[in-house]
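Descriptive structure summary
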Amino acid sequence: MGRRKVGGIGIALVTVAVLVGTSACGGGSGSGNAGADDGKGAGKATASASPSPAKPKGPPMLLETITPLSGATVGVAMPVSVVFTDPVAEKARASVEKHMKVSASQPVAGAWHWFGDKRADWRPKEYWPSGTKVKVVADMEGVSNGNGRYGTHRYTHTFKVGDDVRADVSVSGHTMKVTKNGAAVRTLSINAGSAQYPTWNGTMAVIDKQEKVHMTSCSVGISCSKGSANYYDLTLPWDVHLTQSGTYVHYSTGDPNPGSGSARGSHGCVHLSLADAKWFYGQVKQGDPVTITGSPRAKAPADNGYAAFNLSWDQWLAGSGSGEGTTATL
């Protein structure tokens, strides 16, 4: 199986999604935009209590997705990610940001950051405090995207930040240390990428997870030739998705006993034993940070999934139209 294609929602009333990445471990650059789900369980746009403005001339400005799902419980590194169906001009971004308000039960400093002209992510300066309740109101009614389009809807999402679960991977030490709310839980044996296909460094918030994923070397540009030593076409279990370019934490049949003794390199994924992969799968959720160190590769690009914390705060603010602000109190 090659790259999974999931179509954009393309309508204003459906505003929930998760990123869908390449179904394979791989070394591609993979700086990707958020994809969309099929709208199952999607929340409807919330009508504004104020009178609607006169309908502006021109086509509407729509939101394709808002992540995380309304009602979700996420990890401490999860950003808010908004994807527009059409480009937002640079001159309009500060205004658009001011109409996308983030409120929290525990106020935090944060800011929006644009990845290209269709995706804007909001992250707190530091990780979310565990237990925080968050509300996102994107009141786009009458708001211009600077390219002749105007918003027609008001969108509302709410989510909660759950337990502070973190995984710290040492490539050279062949270990993954898992903590929960500051307390050590387990240290697992791992193998990461080979010298030819090194794993991304940096912090990547979990995108999603699946019990089984069909992975192919061809889908990430490694090899499409069945005679190649790097060719694979496998369905593997307990897959925790880290980057849109195809990085997972999972079990691999080709590396059943990972650790310093085996020292087998992957094609960029982090391998666990079957028992450890199943256990880890049960511990993590979307937005939990997995931090990888000791790889010769650079940090994953911040839009290669949800790797917002791979940018310094100054770098994050450099991509913001309206700058740092503090969330309103719920």
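Read on for a plain summary of the structure. For clarity, every value in this text was computed on a predicted model and none was experimentally measured. Residue numbers restart at each chain and count upward from 1, following the sequence in its written direction. For a predicted model such as this one, the threshold for reporting local features is a pLDDT of at least 70, and the threshold for listing and counting side-chain atom pairs is 80 or more; totals across whole chains, interfaces and linings nevertheless cover every residue. As a convention, hydrogens and water are excluded, and side-chain values are obtained from all of the structure's heavy atoms.

Comments concerning the sheet that holds strand 10 (residues 154–161)
Short version of the rule: In this description, strands pair whenever DSSP reports at least two bridges between them. Helix numbering and strand numbering both begin at the N terminus, where a helix is a DSSP run of H or I of at least 4 residues and a strand a DSSP run of E of at least 2.
The sheet built from five strands is open, its strands ordered 3-10-8-5-21 with mixed pairing. Each edge of the open sheet carries a strand with a single partner, namely strand 3 (73–74) and strand 21 (328–329). As paired strands, strand 8 (residues 133–139) and strand 10 are joined by seven bridges and run antiparallel to one another. What sits directly across from Val 136, in strand 10, is His 157.

A word on the pattern of salt bridges
The test is simple: Salt bridges are counted wherever a side-chain nitrogen of Lys or Arg sits within 4 Å of a carboxyl oxygen of Asp or Glu. Using a 1.4 Å probe on the protein chains alone, a residue whose accessible area is under 20% of its type maximum counts as buried, one over 50% counts as exposed, and one in between counts as partly exposed.
On inspection of all chains with the given rule, the structure shows seven salt bridges. Between Arg 154 and Asp 139 there is a salt bridge, with the nearest N and O atoms lying 3.9 Å from each other. Taken together, the residues span a long stretch of sequence, with Arg 154 in strand 10 and Asp 139 in strand 8 at a distance of 15 residues. Taking the relative accessible area as the measure of exposure, Arg 154 reaches 23% and is therefore partly exposed. Given the relative accessible area of 25%, Asp 139 is considered partly exposed.

Digging into the sheet that holds strand 13 (residues 183–189)
Convention followed: The angle between two axes is taken between their N-to-C directions and runs from 0 to 180 degrees, where each axis is a line fitted to C-alpha atoms and a helix contributes only its stretch in contact. Whether two residues are in contact is decided by their heavy atoms: any pair within 4.5 Å suffices.
The strand order across the open sheet formed by five strands is 13-12-11-19-14, and the pairing between neighbours is mixed. Two strands close off the open sheet at either side, each with one partner strand: strand 13 and strand 14 (202–205). Here the strands of the sheet are splayed against their neighbours by 20° on average, with no regard to which way each runs. Here strand 12 (residues 175–180) runs beside strand 13; their pairing, made up of six bridges, is antiparallel. From the neighbouring strand, Val 178 faces strand 13, where its bridge partner is Arg 186. Set on the sheet, helix 2 (residues 274–283) makes contact with strand 11 (165–170), strand 12, strand 13 and strand 19 (289–293); between it and strand 13 the angle comes to about 145°.

Some details on the layout of surface pockets
Stated precisely, the cut-off is as follows: Residues are called lining when one of their atoms sits within 4 Å of a cavity or pocket point, these points coming from a 1 Å grid over the protein atoms alone, where a cavity is a set in which a 1.4 Å probe fits but cannot get out and a pocket is an open set with protein on both sides within 12 Å along at least five of seven lines. Grid points are joined across faces, edges and corners, and a volume is the space filled by probe spheres set on the points. Residue type decides the class: Asp, Glu, Lys and Arg count as charged, Ala, Val, Leu, Ile, Met, Phe, Trp, Tyr, Cys and Pro as nonpolar, and the leftover types, Gly among them, as polar.
In this structure, the largest pocket encloses a volume near 320 Å³. What lines the largest pocket is a set of 19 residues, and nearest its centre among them are Tyr 232, Leu 234, Ser 252, His 267 and His 271. Looking at side-chain class alone, the lining of the largest pocket contains seven nonpolar, ten polar and two charged residues. In this model, the second largest pocket occupies a volume close to 230 Å³. The wall of the second largest pocket is formed by 16 residues, among which Met 100, Trp 112, Trp 122, Gly 325 and Thr 326 lie closest to the centre. Listed by contribution, the elements that provide at least two residues to the lining of the second largest pocket are helix 1 (93–98), strand 5 (100–104), strand 6 (109–115) and strand 20 (325–326).

Side note on the pairing of strand 8
As paired strands, strand 5 and strand 8 are joined by five bridges and run antiparallel to one another. Note on strand 8: the bridge partner recorded for Ala 104 is Val 134.

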